[in-house]
Amino acid sequence: VEGMTAVDPSPWSYEAINGYRADESIDIGAAGEGFKTAVVANRQTYIGNVRREHLDGVTRTEGDAMYKSVVNKFDTFPIARRIEASVQDGDEIVKLEEYADRILQFKKNKMHLINISQDVEFLEDTFMHKGIVEPAAACKTDFGIAWVNELGAYLYDGKKVTNLLEKDGRQMIKESDWSTFVGGKPIIGYIAKKRQILVGSTTGTGSDGGDIYLYDLVTRSWVQGKNKIVDGVKRTNFVVDWNGDLVCAHTSNTGTVVKWDDASDASSNVDFQTKDIDFGQPGQRKKIYKVYITYRGRGTHTQVHYGVDGLTPALTFNDITSGTDGSSTGSGSNAKCIPYDAGLTDWLKAELKPSAAINNISSFRLKISGDGSNTVSADFEINDISIVYRLKNIK
């Protein structure tokens, strides 16, 4: 009709349709903006420790804040989609990981477990003293999320958080040994082909000696390694490549990529020690008669020592110097007690007799190592260890 103005009858506004205002900054990419960590879950991107422009035009750093993107718009972060589990607690978000409809929000001193199974996220639990100081200290496995700090190594399996340094109520690694090993910035990686977790003592500085701890998720056991990763140069974090191998890069301005290789090597650093064995009777005296070790490969330069009552293994067994069956001669007291060179497929049973009587002891432990200047052969293997002993009468 002439003289009349058309009016839009639709009740929908731009903000109602899109979930954010037309003049609102929804991307985080301008100069001075950014975020420290991100993870994709439920067709959304979650980012943490964010610096961005707000509605008043001021750019602020929000170390406690986590934002989620619009569904299927992975680079769109409206202000209204901010999530804060804890605010102004003197901490900041270091890394985000996702597992089993949960976001693990790692801060330096704590870990927040955030449930994302519903439309609205909520804080499910907070784990004090289980934070990380570097993003490289957490990784994803097919068992859950694993991470390390100076207090321990942990695994979240979708139901609970487990301290991997403990097994069936027993401590696997001493607290002081673990703290000394990891230093200030531990690094962790997942060996997918073997279902093992690799822990390095530090990342970035190149001054850790290349030592590692290796945890097997199937057997729930730890083993320590000396000089097993590149030392003396700066390293990146570990990642799993397209072939399922654990890799990292090292050396500044070079970026040499290397992968973890667990094939056997000859080494003079072999140092395998059993636990302090009390045979289930810690208060009763025992006598140890001999030890049987079934082995194959070249045993030259391999030592076996023993210790009693918690002492460091330093006492020796008699040599095995003759006989294709690995039987002891019963004489001599040299440290190289398995010098016989067996074929690669021949299993031998070494009968080790102590050079002095092992009597009236409470506990017993073994140490298998190299002889110092020479290396243990790469083909040397141990199948089993048996200890012949007798419990003594209680007086």
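Keep in mind that what you see is a predicted model, and the values were worked out from it rather than measured. (Residues numbered from 1 in each chain as written. Predicted model: local features only at pLDDT ≥ 70, side-chain atom pairs only at ≥ 80, totals over all residues. Heavy atoms only, no water.)

### So, the overall build of the protein
Item 1. Along its length, the protein carries 2 helices and 29 strands.
Item 2. Looking at the protein as a whole, 43% of its 395 residues are labelled buried.
Item 3. Across the protein, every contact between residues at least 6 apart in sequence was considered, and the portion connecting residues at least 24 apart equals 54%.
Item 4. Of the accessible surface of the protein, which amounts to about 20,800 Å², a share of 48% is contributed by carbon and sulfur atoms. (Helix = DSSP H or I, 4+ residues; strand = E, 2+ residues; numbered from the N terminus. Buried < 20%, exposed > 50% of the residue type's maximum accessible area, 1.4 Å probe, protein only. Contact = heavy atoms within 4.5 Å. Areas by Shrake-Rupley, 256 points an atom, 1.4 Å probe, with all protein chains shown as cover.)

### With respect to the nonpolar core
Item 1. By size, the foremost hydrophobic cluster in this structure holds 34 residues, and its most contacted members are W147, W178, I197, V199 and W222.
Item 2. In this structure I197 touches A146, L164, I188, G189, Y190, Y213, L214, Y215 and L217, once residues within four positions along its chain are discounted.
Item 3. L348, A350, F364 and L366 belong to the second largest nonpolar core, which has 18 residues in total. (Core = buried A, V, L, I, M, F, W, Y, C linked by side-chain atoms within 4.5 Å.)

### Here we look at the sheet that holds strand β12 (residues 161-163)
Item 1. Read across the sheet, 4 strands follow the order β9-β10-β11-β12 without closing on themselves; strand pairing throughout is antiparallel. Both outer strands of the open sheet, β9 (138-140) and β12, are each paired with one neighbouring strand and no more. Taken pair by pair, the neighbouring strands of this sheet meet at an average axis angle of 20 degrees, ignoring direction.
Item 2. The pairing of strand β11 (residues 152-156) with β12 spans 3 bridges and is classified as antiparallel. If you follow Y154 over to β12, its bridge partner there is N163. (Pairing = 2+ DSSP bridges. Axes fitted to C-alpha atoms, helices over the stretch in contact; angles between N-to-C directions.)

### What to know about the pairing of β11
Item 1. Here β11 lies mainly inside the structure; 5 of its 5 residues are buried.
Item 2. Burial of β11 is two-sided: the residues G152, Y154 and Y156 facing one way and the residues A153 and L155 facing the other way are all buried.
Item 3. By the bridge criterion, 5 bridges tie strand β10 (residues 145-149) to β11 in an arrangement that is antiparallel. Paired with V148 across the two strands is A153, which belongs to β11.
Item 4. What sits between β10 and β11 in their antiparallel hairpin is a turn of 2 residues.
Item 5. Connecting β11 to the next strand, β12, in antiparallel fashion are 4 residues, including G158 with a positive phi near 100 degrees.

### Quick look at the sheet that holds strand β3 (residues 59-68)
Item 1. Strand order in the open sheet formed by 4 strands is β1-β2-β3-β4, and the pairing between neighbours is antiparallel. Strands with a single pairing partner mark the edges of an open sheet, and in this sheet they are β1 (34-41) and β4 (82-83).
Item 2. Sheet topology places strand β2 (residues 44-53) next to β3; 7 bridges connect them, and they run antiparallel. Paired with R52 across the two strands is R60, which belongs to β3.

### Re the packing of aromatic side chains
Item 1. Per the stated rule, a full pass over the model turns up 12 aromatic pairs.
Item 2. Here the aromatic rings of Y213 and W222 are separated by 5.9 Å at their centres, their planes lie at 90 degrees, and the arrangement is edge-to-face.
Item 3. By relative accessible area, which is 8% here, Y213 ends up buried.
Item 4. The class for W222 is buried, based on a relative accessible area of 15%.
Item 5. One aromatic cluster in this structure is built from W178, F181, Y213, Y215 and W222.
Item 6. For the cation-ring pair, R52 lies above Y67, with the distance from its terminal atom to the ring centre recorded as 4.9 Å. (Phe/Tyr/Trp six-rings, centres within 6.5 Å; stacked < 30°, edge-to-face > 60°. Lys NZ or Arg CZ within 6 Å of the ring centre and 35° of its normal.)

### Points about the pairing of strand β16 (residues 196-200)
Item 1. Within β16, 5 of the 5 residues are buried, leaving the element largely enclosed by the surrounding structure.
Item 2. Residues of β16 alternate between two faces, with Q196, L198 and G200 on one and I197 and V199 on the opposite face, all of them buried.
Item 3. One ladder, built from 5 bridges, connects strand β15 (residues 187-191) with β16; its direction is antiparallel. Looking at the pairing, I188 lines up with V199 of β16.
Item 4. Here β16 runs beside strand β17 (residues 212-216); their pairing, made up of 5 bridges, is antiparallel. Residue pairing in the sheet places I197 in a bridge with Y215 of β17.

### Concerning the environment of T251
Item 1. Position of T251 among the secondary structure elements: in the loop between β20 (246-250) and β21 (256-259).
Item 2. Along the backbone, T251 and R235 are 16 residues apart, and their C-alpha atoms lie at a distance of 6.5 Å.
Item 3. A polar contact of 2.7 Å, which involves the side chain of T251, links it to the side chain of H250. (Polar contact = N/O pair within 3.5 Å; in protein donor to acceptor, adjacent residues only side chain to side chain.)

### Notes on the environment of K140
Item 1. Relative to the helices and strands, K140 is located in strand β9.
Item 2. Sequence spacing of K140 and V239 is 99 residues, and the spatial spacing of their C-alpha atoms is 9.8 Å.
Item 3. Apart from residues no more than four positions distant in its own chain, K140 is found in contact with E97, E98, Y99, I145 and Y190.
Item 4. Engagement of the side chain of K140 in a polar contact is seen with the backbone oxygen of E98, the distance being 2.9 Å.

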